[in-house]
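# Structural features, examined
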Amino acid sequence: MKLTSPPVPDLQTAKHLVQAHSAALAEATPGTVASVLAARMAPDCYWYGMHPFHEQTGPAAIAEAFWVPFLTAFARVQRREDIFFAGQNEIDGFQGVWTCSMGHLMGLFDAPFLGIPATRKMAFLRYAEFNQIEDGQITQSALFIDLLHLMLQAGLSPLPARQTGQHLIQPGPLTHDGLLYDAQEPAEGARTLARINHMIGSITRANATATPLPPAQELAQDWADDMIWWGPAGIGASYTIDRYIEQHQAPFRLGLSGRAFNGHLCRMAEGTYGGFFGWPNLTLTNTGGFMGLPVNDARADMRVVDIYRRDGDKLAENWVFIDMLHFLKMQGVDLLADLAD
């Protein structure tokens, strides 16, 4: 009997479906968005939404939780996409096919959103979205947005301390090649995923050993010296290995303890881009006043997205999303409730 290899999933078909989905959402209104979602989402599509949207099942619930309030608050919305790629999910043995989209949802902030006051000016909502495609439908979806950055754009200062990095309207890749609409060479995606996995292993080894490498040497194994770590509002972005150590790695390691890695739901790569998300990725304790918060003994979760650009053999850029409002709420700090007071 002749053995045959299993068919390779068609990443291009998945991309085309998600591109059509995004184009339809661009024309949606609060009254039509549920039907727009239902056109390409499975009836039982499972959606991972950051606090306060939470997990939802089915297009109607997804629309009610996020898209109706968002489209009611923001007019003339554009999806300004900087990165788009597809891949097979390493976490399930490369069986599932997912897409990843990252950029900003830009619109006129004309009505309050989650208690954040409207500005009647342009606003940029950073987003990262993962979609799993099965049998011509989206069956799982995750949407991460940077609500702290939206608060800053509205003139609010919700956190007690200045962030250690810098937060901006974050640009896309330096190389302007992040939209992988066309098919990519599989070997390049394998190289990217291997580098991401080696980097994850380096962090695990550093945390597990009593005599880890100095931070600069540890990072230099996987990162270009002129790396950029595009962190979320509340932490901020850092440029170069040395400034990343100063402005994020050191405050993170000094401020948080008892780090437990919970794994990822999706980890994939295509071409020189790759990324992952978890639910949650990490559980930690804020024993050192991280982000200016009071020291406490609560075990708090970090739901995180990391998206990477590889340049040669090293990682060059990393865009990071964290469900900050959920992480803070688990420590007794409810920023949205504070807005309502």
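Above this text is the structure in question.
These notes cover the structure that comes with them. Just so it is clear, the structure is predicted and the values come from calculations on it, not from any experiment.

Attention shifts here to the packing of aromatic side chains. Applying the stated rule across the entire model yields 23 aromatic pairs. Between Phe53 and Phe66, the ring centres sit 5.0 Å apart and the planes meet at 85 degrees, which makes this aromatic pair edge-to-face. Linking Phe53 in the loop between β1 (41-49) and β2 (54-57) with Phe66 in helix α3 (residues 59-73), this pair joins segments that are 13 residues apart in sequence. Ring centres of Phe66 and Phe70 lie 5.3 Å apart, and the angle between their planes is 10 degrees; on these two criteria the pair is classed as stacked. Of this pair, Phe66 and Phe70 both sit in helix α3, 4 residues apart, which is roughly one turn of that helix. Given a relative accessible area of 0%, Phe66 falls into the buried group. Relative accessible area serves as the criterion here: at 0%, Phe70 is assigned to the buried category. Following the ring pairs from residue to residue traces out a cluster consisting of Trp47, Phe53, Phe66, Trp67, Phe70, Phe74, Phe109 and Phe113.

This part covers the sheet that holds strand β9 (residues 257-261). Strand order across the open sheet formed by 3 strands is β9-β12-β13, with antiparallel pairing between neighbours. Across the chains shown, the open sheet's two edge strands, defined by having one partner strand only, are β9 and β13 (299-302). With direction set aside, neighbouring strand axes in the sheet form an average angle of 20 degrees. Bridge analysis of β9 against strand β12 (residues 282-285) gives 3 bridges, and the strand direction is antiparallel. The partner of Ser257 across the bridge, within β12, is Thr285.

Let's shift gears to the side chain of Ser141. For Ser141, the location among the structural elements is in strand β6 (residues 137-145). The class for Ser141 is buried, based on a relative accessible area of 0%.

Okay, the pairing of strand β11 (residues 273-277) next. Within β11, 5 of the 5 residues are buried, leaving the element largely enclosed by the surrounding structure. In β11, alternate side chains face the same way, and those of Tyr273, Gly275 and Phe277 on one face and Gly274 and Phe276 on the other are all buried. The pairing of strand β10 (residues 266-270) with β11 spans 5 bridges and is classified as antiparallel. Bridge assignment links Met268 to a residue of β11, and that residue is Gly275.

Strands sit in the order β2-β1-β6-β5-β4-β3 across an open sheet of 6 strands; the sheet is mixed. Two strands close off the open sheet at either side, each with one partner strand: β2 and β3 (74-88). Mean inter-strand twist for the sheet, computed between neighbouring axes without regard to direction, equals 20 degrees. Pairing geometry for strand β5 (residues 122-134) and β6, over 8 bridges, is antiparallel. Counted as the bridge partner of Tyr127 is Ile145 from β6. With respect to the sheet, helix α1 (residues 11-26) is in contact with β1, β3, β4 (97-109), β5 and β6, its orientation differing from that of β3 by roughly 175 degrees. Along the sheet, α3 makes contact with β1, β2, β3, β4, β5 and β6, crossing β3 at roughly 135 degrees.

Turning our attention to the nonpolar core. If you look at the biggest cluster of nonpolar residues, it comprises 101 residues, and the most contacted ones within it are Trp67, Phe70, Phe113 and Met302. Element by element, the count of residues in this core is highest for α3, at 7 residues. Setting aside its immediate chain neighbours within four residues, Phe113 contacts Phe53, Phe66, Pro69, Phe70, Ala73, Phe74, Leu147 and Leu150.

Space inside the largest pocket adds up to approximately 610 Å³. In terms of lining residues, the largest pocket is bounded by 30 residues, among which Ile203, Tyr244, Phe252, Arg259 and Leu282 are the most central. Per-class residue counts for the lining of the largest pocket are 18 nonpolar, 7 polar and 5 charged.

Okay, a negative patch on the surface next. The grouping of Asp225, Asp226, Asp242, Glu246 and Asp311 at the surface amounts to a negative patch. Mapped onto the negative patch, the elements with two or more residues apiece are β7 (223-230) and α7 (241-255). Here Glu246 lies in helix α7. Glu246 gets classed as exposed once you look at its relative accessible area, which sits at 51%.

Another point: α1. The first and last C-alpha atoms of α1 sit 23 Å apart over 16 residues, in line with the 22 Å expected at 1.5 Å per residue. Inspection of α1 places Leu11, Gln12, Ala14, Lys15, Leu17, Val18, His21, Ser22 and Leu25 among the buried residues, and these make up the whole buried set. Its side-chain oxygen placed 3.0 Å from the backbone nitrogen of Gln12, Asp10 serves as the N-cap of α1.

Given 3.6 residues per helical turn, the α-helix brings residues three or four places apart onto the same face. Its 15 residues give α7 an end-to-end C-alpha distance of 19 Å, which sits within 8% of 21 Å, the value for a rise of 1.5 Å per residue. A maximum bend of about 35 degrees is found in α7 at Gln249, where proline Pro251 lies one to four positions downstream. For α7, every residue scored as buried is listed here: Ile241, Tyr244, Ile245, Gln247, His248, Gln249, Phe252 and Gly255. Those residues of α7 that are buried are in contact with α6 (215-220), β7, β8 (238-239), β9, β12 and β13.

Reading guide: rules and limits
Residues numbered from 1 in each chain as written. Predicted model: local features only at pLDDT ≥ 70, side-chain atom pairs only at ≥ 80, totals over all residues. Heavy atoms only, no water. Phe/Tyr/Trp six-rings, centres within 6.5 Å; stacked < 30°, edge-to-face > 60°. Helix = DSSP H or I, 4+ residues; strand = E, 2+ residues; numbered from the N terminus. Buried < 20%, exposed > 50% of the residue type's maximum accessible area, 1.4 Å probe, protein only. Pairing = 2+ DSSP bridges. Axes fitted to C-alpha atoms, helices over the stretch in contact; angles between N-to-C directions. Contact = heavy atoms within 4.5 Å. Core = buried A, V, L, I, M, F, W, Y, C linked by side-chain atoms within 4.5 Å. 1 Å grid on protein atoms, 1.4 Å probe; cavity = no way out; pocket = protein on both sides within 12 Å on 5 of 7 lines; lining within 4 Å. Points joined across faces, edges and corners; volume = space filled by probe spheres on them. Nonpolar A, V, L, I, M, F, W, Y, C, P; charged D, E, K, R; others polar. Patch = residues over 30% accessible without salt bridge, like charges linked within 9 Å, V, L, I, M, F, W, Y side chains within 5 Å. Areas by Shrake-Rupley, 256 points an atom, 1.4 Å probe, with all protein chains shown as cover. Salt bridge = Lys/Arg side-chain N within 4 Å of Asp/Glu carboxyl O. Lys, Arg positive; Asp, Glu negative; His and termini not counted. Charge placed at Lys NZ, Arg CZ, Asp CG, Glu CD. Expected span 1.5 Å × (residues − 1). Polar contact = N/O pair within 3.5 Å; in protein donor to acceptor, adjacent residues only side chain to side chain. Bend = angle between axes of the 7 residues up to and from the residue.

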